[in-house]
Amino acid sequence: MGFGYLLLGYLVTFVIYITASAVGIGSVALLLGYVLMLLGLWRLCRYQAAFAMAKWLTFPLLLTALYAGVKDLCTLFLWNDPFGKGVASVMEWASFLLIVVFHFAMLYGIRMIAMEVGLPKIATLATSNTLAVGLYAALYLVGSMPFVGESVRPYLTLSVTLFNLVFIISDLILLLQCAKNICAEGDEEVAPRPSRFGWINRIGDAYNRVHDELNEKSHADGEAFMQRKMEKQAQQQEQQQRPRTHSHKKKKKK
């Protein structure tokens, strides 16, 4: 349906990119991730038109990845940077704004398709993730302002990093739930096919185990609570049915 490609592309773009950039090939991860997300969004647009905005935003993001690729090549082969500092600053801000708007558009599409198929929990999670992205963007903008004091800037930088980590992990969980629970009409009873990538299967299996364990624990806790409640009610009824005895104390003679 498209969520599998979108999940894999998101993982490459925002997680594997960190490792790839450390060895000087971050642009390769960006290009691969954006292409995979574009493929997933292109397929999702067949089922929900709300994904169209995110799909078209992927094209300018690909341009920012190409720009990053040229920068990586210049660094690798010690070439002179063909871009000035002004272009680098513009591209940095353009990349930030495109990524934020892309997340808004992608999460909006997820919210709409989740409401369409009757999955309110996924729709609510998409809304909360949108708020997290908005807070991240607001903190990033405030931290970039020149009037922010140097004593406050480290705390803002830490907050930006934490919010960035939070919404990326939340989006990965959201996309995994979408891939598991949303399918094309007619495929509801078809067992999900394992991915060709073993680590994707391991992530899904680990998520399923944790989800099942939490469900079992919650069910067991609920049964134990109901058992204690029933026993308490039975004790109260038994106490009410017992005949009451009164003690008569003799008054002491003065």
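It should be noted that the structure appears before, not after, this text.
1. As for the packing of helix α4 (residues 85–116) against helix α5 (residues 120–144)
Here's step 1: Across the interface, α4 lies against α5 with an axial gap of 8 Å and an inter-helix angle of 165 degrees. Relative to α5, the element α4 lies roughly antiparallel. Along this stretch, α4 crosses α5, giving a crossing that reads as left-handed.
Here's step 2: Considering only residue class, the contact of α4 with α5 consists of 16 nonpolar, 6 polar and 2 charged.

2. A look at helix α3 (residues 52–76)
Side chains of residues three or four places apart in an α-helix project in the same direction, reflecting 3.6 residues per turn.
Here's step 1: The terminal C-alpha atoms of α3, which comprises 25 residues, lie 36 Å apart, in line with the 36 Å expected from a rise of 1.5 Å per residue.
Here's step 2: Within α3, the axis deviates most sharply at Phe 59, by approximately 25 degrees, and proline Pro 60 lies no more than four positions further along.
Here's step 3: Of the residues making up α3, those classed as buried are Ala 54, Lys 55, Leu 57, Thr 58, Leu 61, Leu 62, Thr 64, Ala 65, Tyr 67, Gly 69 and Cys 74.
Here's step 4: At its buried positions, α3 is contacted by α2 (26–44) and α4.
Here's step 5: Backbone geometry just after α3 places Leu 78 at a positive phi near 60 degrees.

3. Notes on the nonpolar core
Here's step 1: Among the nonpolar cores identified, the biggest contains 45 residues, and Phe 3, Leu 6, Tyr 10, Phe 51, Phe 102, Met 106 and Ile 110 are the most heavily contacted of them.
Here's step 2: Of all elements in the fold, only α1 (3–22), α2, α3, α4, α5 and α6 (153–181) reach the threshold of two or more residues within this core.
Here's step 3: If near-sequence neighbours (up to four positions away) are discounted, Tyr 10 is found in contact with Val 15, Met 37, His 103, Met 106, Phe 167, Ile 168, Asp 171, Leu 172 and Leu 175.
Here's step 4: In this structure, Leu 8, Val 12, Ala 20 and Ala 29 belong to the second largest nonpolar core, which totals 5 residues.

4. A short note on the packing of aromatic side chains
Here's step 1: For the structure on display, the rule yields 10 aromatic pairs.
Here's step 2: The interplanar angle of 65 degrees and the centroid separation of 6.0 Å between the aromatic rings of Trp 42 and Trp 56 together place this pair among those described as edge-to-face. Taken as a pair, Trp 42 in helix α2 and Trp 56 in helix α3 lie far apart in primary sequence, 14 residues in all.
Here's step 3: Residues Phe 96 and Tyr 136 carry aromatic rings whose centres are separated by 6.2 Å and whose planes lie at 55 degrees to one another, so their mutual orientation is tilted. Residue Phe 96 is located in helix α4, and its partner Tyr 136 is located in helix α5; the two are separated by 40 residues in the primary sequence.
Here's step 4: A connected cluster of aromatic rings, assembled from ring pairs, spans Trp 93, Phe 96, Tyr 136, Tyr 140 and Phe 167.
Here's step 5: The ring of Trp 42 carries the charged tip of Lys 55 above its face, separated from the ring centre by 4.4 Å.

Criteria and thresholds
- Residues numbered from 1 in each chain as written.
- Predicted model: local features only at pLDDT ≥ 70, side-chain atom pairs only at ≥ 80, totals over all residues.
- Heavy atoms only, no water.
- Axes fitted to C-alpha atoms, helices over the stretch in contact; angles between N-to-C directions.
- Helix = DSSP H or I, 4+ residues; strand = E, 2+ residues; numbered from the N terminus.
- Parallel < 35°, antiparallel > 145°, perpendicular 65-115°, else oblique.
- Left-handed = near helix turned anticlockwise from the far one by under 90°.
- Nonpolar A, V, L, I, M, F, W, Y, C, P; charged D, E, K, R; others polar.
- Expected span 1.5 Å × (residues − 1).
- Bend = angle between axes of the 7 residues up to and from the residue.
- Buried < 20%, exposed > 50% of the residue type's maximum accessible area, 1.4 Å probe, protein only.
- Contact = heavy atoms within 4.5 Å.
- Core = buried A, V, L, I, M, F, W, Y, C linked by side-chain atoms within 4.5 Å.
- Phe/Tyr/Trp six-rings, centres within 6.5 Å; stacked < 30°, edge-to-face > 60°.
- Lys NZ or Arg CZ within 6 Å of the ring centre and 35° of its normal.

Limitation: the analysis is restricted to geometry and does not speak to function.
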